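# Chain and residue survey
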Amino acid sequence: MTNLVDPYDRDITYLRVSVTDRCDFRCVYCMAEDMTFLPKKELLSLEEMDRLCSTFVDMGVKKLRLTGGEPLVRRNIMWLIERLSRHLDSGALEELTLTTNASQLTRFAQQLYDYGIRRLNVSLDTLDRDKFKAITRWGNYDKVMAGLDAAKAAGLHIKINAVALRGVNDDEVEKMIAWSHREGWDITFIEVMPMGDVGENRLDQYLPLSMLRGQLQKSYTLTDLPDKTGGPARYVRCEETGGRIGFITPMTHNFCESCNRVRLTCTGMLYMCLGQDDDADLRAPLRQSDDDEPLRETIREAISRKPKGHDFIIDRRNRRPSVSRHMSVTGG
Ligand code: SAM
Ligand code: SF4
């Protein structure tokens, strides 16, 4: 089986799968409070997701990340994770991982470890209970902290992802760095991306990470680290704590040259780029036949259309998102 290579010679080895568009939080930069979710019948079943992911693994994907919405609120999600873990056992898959808000980890952390998951990305934007409520609207801070404890106890490595929000958590970043590094966790800051209408003004939320880095350099000595991940984060070492800080700057830094990933939605749409609208419907060939070949052909054709890069902008005049779908649809 030939592997997936796009027109710019990038090997596609990383698939991110949004297993649900639903979530138990309503983060202000991600969702409107009165979100309309997809009708359940539109969603791929877990069996279909298994078949799709397994086809990608067959075609050379080495890393799978389940995301959402909140992946751990999808009913029976552990069934899918257990199924997918067979590819870890066979060695076809190098990593199976998740991005989560940690709210369900007290229930699931041990099982995740048992199914071969070793690392989790946990999204947490603040260590202040009141701000947590203001940002997530529906989130429960104590549950998240208990979830992090459970993950630690189960032996899972954690990376914290925090969205940098102007006037909200910019006064806390040093505290968050000290906390995560004390725990032995990397922390990565993300710029707000203009995805989906959330009923709030993006320009008010947007904090360029160049400014954040400037602020950090007043308290910390930051040393650039060579880029080894192939991902969009640029890392520095914080000499005072010994830990790593990542910056994901989709708005100000072009990270597309080394992009090795594609994204699948919970309805089976494949997006070749987070910042572009071009997609491919994989649900149709999946449902059309039990034979995987039409599906493979659609995947190959889609990869041949992977664009060179994105062109995110916050449309200042019209204040509209440059990509109309929400992050919870494509998966962060
Ligand atoms: N619910 C899970 C979580 O929060 O980790 C997984 C899905 S969430 C959509 C994935 C990541 O996308 C989170 O780290 C979140 O902070 C980030 N995110 C959501 N909307 C964003 C936006 N408009 N700009 C930048 N990051 C965003
Ligand atoms: Fe839910 Fe994650 Fe979006 Fe927050 S960022 S609303 S936790 S999907």
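I will try to describe carefully the structure that is included in this document. (Residues numbered from 1 in each chain as written. Chains lettered and ligands numbered in written order. Predicted model: local features only at pLDDT ≥ 70, side-chain atom pairs only at ≥ 80, totals over all residues. Heavy atoms only, no water.)

### Digging into the side chain of Asp21
Rule in force here: Segments assigned H or I by DSSP are reported as helices when at least four residues long, segments assigned E as strands when at least two residues long, and all are numbered from the N terminus. Here a polar contact is recorded for every N or O atom pair within 3.5 Å, except that within protein the pair must consist of a potential hydrogen donor and a potential acceptor, and residues adjacent in sequence are included only if both atoms are side-chain atoms.
Within the fold, Asp21 resides in the loop between strand S1 (14-18) and helix H1 (46-58). Among the polar contacts made by the side chain of Asp21, one reaches the main-chain amide nitrogen of Leu38 at a distance of 3.0 Å.

### Focus: the site of ligand 1
Defined as follows: The cutoff for a nearby residue is simple: one of its non-hydrogen atoms must lie within 4 Å of the molecule or strand.
Around ligand 1 there are 17 residues in total, and Tyr29, Gly69, Ser123, Val163 and Met193 lie nearest to it. Between a nitrogen atom of ligand 1 and a side-chain N or O atom of Glu70, the distance comes to 3.2 Å. Between ligand 1 and Thr100 there is a distance of 3.3 Å, counted from an oxygen atom to a backbone nitrogen or oxygen.

### Topic: the site of ligand 2
Under the convention used in this document: Each residue is assigned to one of three groups, with Ala, Val, Leu, Ile, Met, Phe, Trp, Tyr, Cys and Pro labelled nonpolar, Asp, Glu, Lys and Arg labelled charged, and all others, Gly among them, labelled polar.
For ligand 2, the full set of nearby residues is Cys23, Phe25, Cys27, Cys30, Met31, Gly69 and Asn101. In terms of residue class, the shell around ligand 2 is built from five nonpolar, two polar and no charged.

### Considering the sheet that holds strand S2 (residues 63-67)
Pairing between the strands of a sheet is mediated by backbone hydrogen bonds and can be parallel or antiparallel. For clarity, the cut-off: For two strands to be treated as a pair, DSSP must find no fewer than two bridges joining them. Between N-to-C directions, angles span 0 to 180 degrees; the directions come from axes that are lines fitted to C-alpha atoms, helices contributing only their stretch in contact.
Here 12 strands make up an open sheet; going across it, the order is S7-S8-S9-S6-S5-S4-S3-S2-S1-S10-S11-S12 and the pairing mixed. Sheet topology places strand S7 (222-224) and strand S12 (279-281) at the edges, where each strand pairs with a single neighbour. Taking each pair of neighbouring strands and ignoring which way they run, the sheet shows an average axis angle of 25°. Pairing of S1 with S2, which is carried by five bridges, proceeds in the parallel orientation. Bridging across to S2, Ser18 finds its partner in Thr67.

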